[in-house]
Protein chains: 2
Amino acid sequence: MPDDDRPHTDWQPGTRALPSFHGLAAAFRAGKDSPRDLLERCIATIEAREPEIGAFVVYDFDRARTAADAATARWRDGTPLSAIDGLPIGLKDVISTEDLPTGRGSEIFAGRPPERDAAVAWALRQGGAVIVGKTVTTEFAIGRIGRTRNPLDPRRTPGTSSSGSAAAVGAGMLPVALGSQLISSVMRPASYCGHVGVMPSYGVIRMDGMEPVCPSTDHVGTHTTTLEDAWIVLRHLSRTAGPIPGWRGLHGPAEPPAPAKPRRLARLYEPDWQHTDADCRAALEDALKSLCATGVEIVEPEDDPVLRRLEAACATSEATIMALVTNEMRWPFLDYDAKGFRFGLRLGPLMEKARAATMEDYHDALGARDELRARFDAAARTYDGFIGLSASSVAAIGLDNMGRPGATAPATCAGLPALTLPVLAAHGMPLGLQLVGAAHGEASLFAHAAWVGWTLLEGGSPAR
Amino acid sequence: MPDDDRPHTDWQPGTRALPSFHGLAAAFRAGKDSPRDLLERCIATIEAREPEIGAFVVYDFDRARTAADAATARWRDGTPLSAIDGLPIGLKDVISTEDLPTGRGSEIFAGRPPERDAAVAWALRQGGAVIVGKTVTTEFAIGRIGRTRNPLDPRRTPGTSSSGSAAAVGAGMLPVALGSQLISSVMRPASYCGHVGVMPSYGVIRMDGMEPVCPSTDHVGTHTTTLEDAWIVLRHLSRTAGPIPGWRGLHGPAEPPAPAKPRRLARLYEPDWQHTDADCRAALEDALKSLCATGVEIVEPEDDPVLRRLEAACATSEATIMALVTNEMRWPFLDYDAKGFRFGLRLGPLMEKARAATMEDYHDALGARDELRARFDAAARTYDGFIGLSASSVAAIGLDNMGRPGATAPATCAGLPALTLPVLAAHGMPLGLQLVGAAHGEASLFAHAAWVGWTLLEGGSPAR
């Protein structure tokens, strides 16, 4: 290994940059801690680390302090607006806000005045959350890469496209940040930065005001240090912003699901597995062995034709998403293009494809997605979920080396809920364990993930 | 009948305010007519009739003339951009345009500067269509009623919410105008004003930039004097703007489908049939008898349990739509409300319901829609389509008397393609004949409608 590839950290599974926000509620109520105090701890970390990491496009501590003070008073009065009242949160800069500009990583939008709150921003404020700032995104969450650094090793990428949200949570600047995922844009950066990343089922949270390039496939997702914080945020967003019109919302209890042992999991060999090195493979295999040792059955595709057929469909999932992208981006990107707006490196070639895209191509891609969903649904009748890596490797050295996005493409394309747990390490860096659930099976997925995380980190099982 | 209820007109089926735009293509190519000449004829009618009718919020003849001149040159060069190059068109004022303000019938939006083109406005320009102006809508296409008058009898309503688009086409000011339909907002005003109104299958045309109160159910639709103009416009919009992301586009040939005789139609008793008077009922019954005389089988619900079950599901379709509305309008209307924006009469009570709406209510409404769709799908296996009235009555006297919207609620709720033909009359006013097709069966629906229209108007059949 060349000298400058040596790890700068020796990250260990179980490392948490911040405690759970959900766990602070009792202290808030008792007056032993407060949203304002929590915010000040976050601001101290931001001031210490932001100059090196560059997670934010813009922040506004004054507004955040005012909002945190109001939340502090509500908790002490016993009248919090919601489970996330006072939560300091960062928003990927594709999410429109009425009090901060929204640049979408693009020169077209840079410097525009603030707009109407996106549905999720409005829903956060309804619940009392404290929007601290907007975090760096690639251009329109798909193009040119920003300059954010990985908080665990500043030579490395934090992952894309929710780079700033991942870096902010990974550095402990914030307990929660929102991202969006079209292929891997929440789970891969969460894997690279060593925290929990969750993408719920497609449609459970309204996307208005986010202007995704591919509205049929893009998801709002969360970066958090804990599963329970992801649960309370996603559930609040789904119930307050509502689902994407015509889709169903997130189903489950107000309290984060208690750990539950999965019976049988299907091994998911993500499409980029061939690029996964021996150390990363070994980290996963060790974890799977530990789970098997507790009695969880983990089935390989070679042992079940249903899984072999699923794996074949997964192989083309990234290509299917890109075919959907090049059709759905026609509006408004062909209009932007005709007006002479300039795009960064990755968007140019996509525009060429958008120009050539036909409705027949689009119907083919929708058909491929329908088939992938059907194969996942068939497997979900026999398995409690799917398990694999969240990324083909740890974060690479070089801010432009964003890594391969294929590991999470199957679940994203199919619109299934998926999450990454920071329970594996390789090369001194974190590597995410991916768990995928059945469509709208968030409650079971969270319960299984809590059990798996506990089992791998504590070496025991809360359910035994 | 009291004196002032006497008809001012004696409207006759077959009356066309303007010839088909599609039929002018050969003359455009040959230089015997031109988009500019057509536009001037439209402008002359607008100048003559607009002061009385009030169909427009705003128009811009200078811009329209420039666009029409460019189209004129392209047709004469043999290089039209599309089948709708040079088409003078009006847009319901919920459709954002970059060169004209978009008021959405609301004091909140009145006077705002123009915005980015909605997907359909952009697609129209891509095809060379000439956007003449923006037409009157009720508040957000659901609330307070505008002051537009019915061009056939100015004492009467033109119908809502696409009031201005219906009046403009009914008066011959424009050959085509776009509307939108949540329950009946294209087909009912088209029925009242005596022209063709079409609502395609849900999802075949992208709605971005229209901000519907209920995105899961709202449709772009057309007001036209002929079926062929509706076909070329809808097909162009679907292929250029694209479908709603995740949905399939309009399937069918470039040329309007040739007339084809339906084999078997199911009689659709719309939920408001009980309010339909004897004259209107007789107009429909006479038409059905004429169709039966040509050998078309028309089956009554009492003769088929599949249709009886469908009818039961149709009875609650309007209530289902309103439950979807009160959930989906939560964002952004609760935000508008919190900011102190004031709404007109109908929106206030809806806001109260929106405030009380829960995710569980929403899931119930989606379930009711799924059941309605399933019952239509079951019937579509046996029937070529469904036939009934497009409205429970002719246009009422009094601009605030918008009439009952229930007749078109079943097809709109289920997302099936439907259209109204101006082939019936009662009380000296037009009454629309409703035809509903199977999901994504636009090509068959248009072919059957062309045959039905020809048969009823000409007394013969082009397919025999």
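Residues numbered from 1 in each chain as written. Chains lettered and ligands numbered in written order. Predicted model: local features only at pLDDT ≥ 70, side-chain atom pairs only at ≥ 80, totals over all residues. Heavy atoms only, no water.

### Structural notes on the overall build of chain A
Note the threshold: Helix and strand definitions follow DSSP, with helices as H or I runs of at least four residues and strands as E runs of at least two, each counted in order from the N terminus. As a reference, a globule follows 2.2 Å times the number of residues to the power 0.38, and the radius of gyration itself is taken over C-alpha atoms. Burial classes: relative accessible area under 20% of the type maximum marks a residue as buried, over 50% as exposed, and values in between as partly exposed (1.4 Å probe, protein chains only). The criterion used for residue contact is that any of the two residues' heavy atoms lie within 4.5 Å. The protein chains shown are the only cover counted for residues, whose accessible areas, like all others here, come from Shrake-Rupley with a 1.4 Å probe. Note on charges: Lys and Arg go in the positive column, Asp and Glu in the negative column, and His and the chain ends are not counted at all. Think of each charge as sitting on NZ of Lys, CZ of Arg, CG of Asp or CD of Glu.
On a plain count of helices and strands, chain A comes out with 15 helices and eleven strands. Rg of the C-alpha trace for chain A: 21 Å, near the compact-globule value of 23 Å for 464 residues, within the 12% margin. Within chain A, the fraction of its 464 residues that count as buried is 62%. By sequence separation, contacts in chain A at least 24 residues apart represent 77% of the contacts at least 6 residues apart. For chain A, the computed accessible surface area is about 15,800 Å², with 51% contributed by carbon and sulfur atoms. Taking the 47 positively charged and 56 negatively charged side chains of chain A as two groups, their mean positions are separated by 2 Å.

### With respect to the relation of the copies chain B and chain A
What counts, and what does not: For the least-squares superposition of copies, only C-alpha atoms count, and only for residues with pLDDT at least 70 in both.
When chain B is brought onto chain A, the operation consists of a screw motion whose angular component is 180° and whose axial shift is 0.0 Å, with 0.0 Å RMSD remaining. Classification of the inter-copy transformation places it as that of a two-fold axis. Taking C-alpha positions as the reference, the residue of chain B nearest the rotation axis is Asp208 of chain B, at 5.0 Å. The share of interface residues of chain B whose copies in chain A are also at the interface is 97%, consistent with both copies meeting through the same surface.

### Quick notes on the interface of chain B and chain A
In many analyses, interface size is given as the accessible surface area lost on bringing the parts together. The test is simple: Throughout, the accessible surface (probe 1.4 Å) given up by two parts as they are put together, summed over both, is called the buried area. Salt bridge criterion: a side-chain nitrogen from Lys or Arg within 4 Å of a carboxyl oxygen from Asp or Glu. In the analysis that follows, any N or O atom pair within 3.5 Å is treated as a polar contact, provided that within protein one partner can donate a hydrogen and the other can accept it, and provided that, for residues neighboring in sequence, both atoms belong to side chains. Charged residues are taken to be Asp, Glu, Lys and Arg, nonpolar residues to be Ala, Val, Leu, Ile, Met, Phe, Trp, Tyr, Cys and Pro, and polar residues to be all remaining types, Gly included.
With 38 residues of chain B in contact, the opposing surface of chain A contributes 37 residues. With both chains or domains summed, chain B and chain A bury close to 3,300 Å², and 54% of this area falls on carbon and sulfur atoms. Area buried by chain B at its contact with chain A is led by Arg116, Trp331 and Met359 of chain B, which between them contribute 26% of it. Applying the counting criterion to the chain B and chain A interface returns eight salt bridges. For the pair chain B and chain A, the number of links is 18 residue pairs in polar contact (both at pLDDT 80 or more). Only helix 4 (119-126), helix 7 (227-240), helix 11 (330-338) and helix 13 (359-380) of chain B provide two or more residues apiece to the side of chain B that touches chain A. Per-element tally for the side of chain B that touches chain A: the top contributor is helix 13 of chain B, with eight residues. Partitioned by chemical class, the residues of the side of chain B that touches chain A number 16 nonpolar, seven polar and 15 charged.

### Here we look at the nonpolar core
The cut-off we apply is this: Think of a nonpolar core as a cluster: buried Ala, Val, Leu, Ile, Met, Phe, Trp, Tyr and Cys residues, connected wherever their side-chain atoms sit within 4.5 Å. Start and end positions for the domains come from either an automated domain assignment or a database one.
By size, the foremost hydrophobic cluster in this structure holds 139 residues, and its most contacted members are Leu178 and Leu421 of chain B. If you count residues domain by domain, this core takes at least three from each of domain 1 (3-240) and domain 2 (264-458) of chain B. Setting aside residues up to four positions removed in sequence, Leu421 of chain B forms contacts with Val196, Leu227, Leu431, Gly432, Leu433, Leu435, Ala449, Val452 and Gly453 of chain B. Counting 138 residues, the second largest nonpolar core, distinct from the first, contains Ile131, Ala283, Ile298 and Val394 of chain A.

### Side note on the sheet that holds strand 7 (residues 264-267) of chain A
The strands that make up a sheet are held in pairs by hydrogen bonds between backbone atoms, and each pair lies either parallel or antiparallel. Residues and elements named next belong to chain A. The criterion, for reference: DSSP-based pairing: two strands are paired if at least 2 bridges between them are found. Under this scheme, a helix contributes an axis fitted over its contacting stretch, all axes are lines through C-alpha atoms, and angles between N-to-C directions fall in the 0 to 180 degree range.
Spatial strand order, 1-3-2-4-6-5-10-11-9-7-8: eleven strands in an open sheet with mixed pairing. Looking at strand neighbours, the two that pair on one side only are strand 1 (56-59) and strand 8 (297-299), the edges of this open sheet. Averaged over all pairs of adjacent strands, the angle between their axes in this sheet comes to 30°, without regard to strand direction. Inspection of the sheet shows strand 2 (residues 88-92) paired to strand 3 (residues 130-135) by five bridges, in the parallel sense. Opposite Leu91, over in strand 3, you have Lys134 as the bridge partner.

### Some thoughts on the pattern of salt bridges
Residues and elements named next belong to chain B. Enumeration according to the criterion identifies 60 salt bridges over all chains in this entry. Asp384 is paired through a salt bridge with Arg263; the nearest N and O atoms lie 3.4 Å apart. Taken together, the residues span a long stretch of sequence, with Asp384 in the loop between helix 13 and strand 9 (385-389) and Arg263 in the loop between helix 7 and strand 7 (264-267) at a distance of 121 residues. The partner of Lys339 in a salt bridge is Asp335, with the nearest N and O atoms 2.7 Å apart. We classify Asp335 as buried; its relative accessible area is 7%.

### A word on the environment of Arg156 of chain B
Residues and elements named next belong to chain B. Checked against the element boundaries, Arg156 lands in the loop between strand 3 (130-135) and helix 5 (163-170). The class of Arg156 is buried, set by a relative accessible area of 5%. Taking C-alpha positions, Arg156 is 5.5 Å from Ala396, a pair spaced 240 residues apart along the chain. A polar atom in the side chain of Arg156 sits 2.8 Å from the backbone oxygen of Ala395.

### So, the pairing of strand 7 of chain B
Residue and element names in this part refer to chain B. Selection criterion: Consider the strands pointing away from the viewer: the crossover is right-handed when the path from the first strand over the helix to the second runs clockwise.
Sheet analysis places strand 7 next to strand 8 (residues 297-299), joined by three bridges and oriented parallel. Across the sheet, residue Arg264 finds its bridge partner in strand 8, namely Glu297. This β-α-β element, strand 7 to helix 8 (residues 278-293) to strand 8, shows right-handed connectivity. Bridge count for strand 7 against strand 9 is three bridges, and the pairing is parallel. Counterpart to Ala266 in the pairing with strand 9 is Phe386.

### A look at unusual backbone geometry
For the bond from Trp331 of chain A to Pro332 of chain A, the omega torsion is 5°, close enough to zero to count as cis. When you line up the elements, Pro332 of chain A lands in helix 11 (residues 330-338). Even without glycine at this site, Ala141 of chain A takes up a positive phi of about 60°. Here Ala141 of chain A lies in the loop between strand 3 and helix 5 (163-170). One non-glycine residue, His427 of chain B, lies in the positive phi region at around 55°.

### Quick word on the packing of aromatic side chains
Cut-off, in case you're wondering: Between 30 and 60 degrees the pair is tilted, below 30 it is stacked and above 60 it is edge-to-face, where a pair is any two Phe, Tyr or Trp rings, Trp via its six-membered ring, whose centres lie within 6.5 Å.
In the structure shown here, the tally under the stated rule is 32 aromatic pairs over all chains. Ring centres of Phe140 of chain B and Phe343 of chain B lie 6.5 Å apart, and the angle between their planes is 55°; on these two criteria the pair is classed as tilted. Within this pair, whereas Phe140 of chain B is found in the loop between strand 3 and helix 5, its partner Phe343 of chain B is found in the loop between helix 11 and helix 12 (347-356), the two being separated by 203 residues in sequence. Residue Phe140 of chain B is classed as buried on the basis of its relative accessible area of 4%. For Phe343 of chain B, a relative accessible area of 16% gives the class buried. When the centroid spacing of 5.1 Å and the interplanar angle of 85° are considered together, the rings of Phe376 of chain B and Phe386 of chain B count as edge-to-face. In this pair, Phe376 of chain B sits in helix 13 while Phe386 of chain B sits in strand 9, placing the two residues ten residues apart along the sequence. For the pair shown, Phe376 of chain B and Phe386 of chain B are each scored as buried. Grouped by ring-pair contacts, the aromatic residues Phe109, Phe140, Phe333, Tyr336, Phe341 and Phe343 of chain A constitute a single cluster.

### Looking at the packing of helix 10 (residues 317-328) of chain A against helix 13 (residues 359-380) of chain A
All names here are of chain A. Selection criterion: Crossings are sorted by hand: turned counterclockwise from the far helix by less than a right angle, the near helix makes the crossing left-handed, and turned clockwise it makes it right-handed.
At a minimum axis separation of 9 Å, helix 10 and helix 13 run at an interaxial angle of 145°. You can see that helix 10 and helix 13 cross each other, and the crossing is left-handed. The residues of helix 13 that touch helix 10, namely those facing Ser317, Thr320, Ala323, Leu324, Asn327 and Glu328, are Met359, Asp361, Tyr362, Ala365, Leu366, Ala368, Arg369 and Leu372. Classifying every residue of the contact of helix 10 with helix 13 by side-chain character gives eight nonpolar, three polar and three charged.

### With respect to the sheet that holds strand 1 (residues 56-59) of chain B
Residues and elements named next belong to chain B. With mixed pairing, eleven strands are arranged side by side in an open sheet as 1-3-2-4-6-5-10-11-9-7-8. Strand pairing shows two members of the sheet lacking a second neighbour, strand 1 and strand 8, which therefore form its edges. Geometrically, the sheet is characterised by an average inter-axis angle of 30° between neighbouring strands, direction not taken into account. Sheet strands touched by helix 4: strand 2 (88-92), strand 3, strand 4 (176-181) and strand 6 (219-224). Its angle to strand 2, the strand with the most contacts, is close to 175°.

### Concerning helix 8 (residues 278-293) of chain A
All names here are of chain A. In plain terms, the rule: How far a helix is expected to stretch is found by multiplying one less than its residue total by 1.5 Å. This arc is taken over the directions from the axis of the helix to the C-beta atoms.
Along its 16 residues, helix 8 runs 22 Å from first to last C-alpha, staying within 8% of the 22 Å computed at 1.5 Å per residue. Within helix 8, burial applies to Cys280, Ala283, Leu284, Ala287, Leu288 and Leu291. Along the long axis of helix 8, the arc covered by the buried residues comes to 125°, so they all point the same way. Those residues of helix 8 that are exposed and angled more than 90 degrees off the buried face are Ala278, Lys289 and Ala293. Close packing links the buried residues of helix 8 with strand 7, strand 8, strand 9 (385-389), strand 10 (418-426), strand 11 (429-436) and helix 15 (442-458). Of the residues that open helix 8, the one with a side-chain oxygen 3.1 Å from the backbone nitrogen of Asp279 is Asp277. At the exit of helix 8 stands Gly295, carrying a positive phi of roughly 105°.

### Observations concerning helix 10 (residues 317-328) of chain B
Residues and elements named next belong to chain B. Taking 1.5 Å as the rise per residue, helix 10 with twelve residues should run 16 Å; its terminal C-alpha atoms sit 17 Å apart, in good agreement. Considered for burial, the residues of helix 10 that qualify are Ser317, Thr320, Ile321, Leu324, Val325, Thr326, Asn327 and Glu328. Check the buried side of helix 10 and you find it contacts helix 9 (305-314), helix 11, helix 12, helix 13 and helix 14 (409-414).

Remember that the coordinates give geometry; whether it matters functionally is a separate question.
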